[in-house]
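Take a look at the letters that make up each chain.
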Amino acid sequence: MHANPSTRRRTPPRRRAVAGAALAAAVATVLAPVAAPGALAATPEAAQVTQVRQPSTIAVFRPSNGTWYFRGLGAVGYGLPGDVPVAGDYNGDRRVDLAVWRPSDGKWYIRGVAIVPWGLNGDIPVPRDYNGDGRVDLAVWRPSDGKWYIRGVATVPWGLNGDIPVPRDYNGDGRVDLAVFRPSNGTWYIRGIATVPYGLNGDIPVPRDYNGDNRADIGVWRPSTGIWYIRGISTVQWGRPGDIPVGGDFNGDNKADLAVFRPSDGRWYIRYVATVPWGLRGDIPLSTPARVAL
C-alpha cells in the first residue's frame, strides 16, 4: 500500500523493515492455499486436509512489473506496481484465480472473472471463504475502524488499529474465524473462540495447521532471532533477520512446513524439504495450490 511520504521519512529503517516483513507475512497469511485439487470440503481449511493434496506451488508476485512467477508453471503479467496480490478461487471451479487488490481505487481485479470495487485505500485485503460456499469472498479489514467488510456476507467490528488480521479455522469446524494478532500486547483475539497471549511486539503471526489436526495453530515468527514459536507444538530456529516467513505445505503431507523467503539472495528455505532459488529482492512470496488458472 502507499505510505504518506512524510510518515515514511519519520520511520526508522529497522522498523520499516519489520513492518514490511509483517505486511508481506500478512498477505501470505490470507493467501495461503485456499483450495485443494479434488477436495470434497467447501471451506479453505477443511479443503486442505480432507484429502492428500499436491504440494504447494512456490510463487512470487513482482510489484515492480506486476508479474506473477509460478515455479514450474510459468509467468503471467497481471497487476500494476502498488497492487496487493489476492489470488484465490473466486468462482468455485477449484482453480486459483490470479487477482490483485488496488489500494489507489479500492478495486479487486480478478483475472477472467470480474472487476469489483470493494474497500478503501488503507484497508487490508483478507480474502477467504467466510460462508462455506466453496468460493473465496471479497473482504477487507479496515484498521481505522477495526471492522471486517465481507462482501455479501457481513460487516463485523473485530480488532483495533494496529492489529494484524489473521483469519483461519482455529476450532476445526470448517469455517474461517475472524481473528487479529495485537502486536502491542502480543495477544491473539479469535472471535467466539478465545483470547490467547502468545508472542511479542515485533513478532510476525504465522497461523497454520502444523500438526495435521485440521485446526490452525497459533504461531509467531520472531524476525530478531529467526525463531518460530508454534503454540503447544514446537520452538524452532529457522531463518534470520530480513527473511519473510511463508506458509505452505510444500511436500504434500498435509502439514504446514516452516519456510522463509530470503530477499537478499532470492531463495526459499523450506525446512526438511528444499532450498530453492525463486524470486528477487522486492518480490512478494506466495504459495498456492498447484491448480492455477494461468
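Structure: see above.
Residues numbered from 1 in each chain as written. Predicted model: local features only at pLDDT ≥ 70, side-chain atom pairs only at ≥ 80, totals over all residues. Heavy atoms only, no water.

### A look at the side chain of aspartate 203
- Here aspartate 203 shows up in the loop between strand E16 (194-197) and strand E17 (204-205).
- There is a polar contact of 2.7 Å between the side chain of aspartate 203 and the backbone nitrogen of leucine 200.
- Polar side-chain contacts of aspartate 203 include one of 2.8 Å to the side chain of arginine 222.
- In contact with aspartate 203, other than residues within four places in its own chain, are Phe181, Val220, Trp221, Arg222 and Pro223. (Helix = DSSP H or I, 4+ residues; strand = E, 2+ residues; numbered from the N terminus. Polar contact = N/O pair within 3.5 Å; in protein donor to acceptor, adjacent residues only side chain to side chain. Contact = heavy atoms within 4.5 Å.)

### Focus: the pattern of salt bridges
- The tally for this structure, following the rule as stated, stands at 7 salt bridges.
- Arginine 222 is the salt-bridge partner of aspartate 203, the closest N and O atoms lying 2.8 Å from each other. Remark: arginine 222 occurs in strand E18 (residues 219-222) and aspartate 203 occurs in the loop between E16 and E17; sequence separation between them is 19 residues.
- Given a relative accessible area of 4%, aspartate 203 falls into the buried group. (Salt bridge = Lys/Arg side-chain N within 4 Å of Asp/Glu carboxyl O. Buried < 20%, exposed > 50% of the residue type's maximum accessible area, 1.4 Å probe, protein only.)

### Things to note about the nonpolar core
- The biggest cluster of nonpolar side chains holds 14 residues, and the ones touching the most others in it are Phe61, Trp68, Phe70, Leu98, Val100, Leu286 and Val292.
- If near-sequence neighbours (up to four positions away) are discounted, leucine 98 is found in contact with Trp68, Phe70, Val76, Tyr78, Tyr109, Ile110, Arg111, Val292, Ala293 and Leu294. (Core = buried A, V, L, I, M, F, W, Y, C linked by side-chain atoms within 4.5 Å.)

### So, the sheet that holds strand E20 (residues 234-237)
- Strands sit in the order E17-E18-E19-E20 across an open sheet of 4 strands; the sheet is antiparallel. Each of the sheet's edge strands pairs with one partner strand only, and the pair in question is E17 and E20.
- By the bridge criterion, 4 bridges tie strand E19 (residues 227-230) to E20 in an arrangement that is antiparallel. In the sheet register, tryptophan 228 faces E20, and the bridge partner there is valine 236. (Pairing = 2+ DSSP bridges.)

The values are spatial; any link to function lies outside them.
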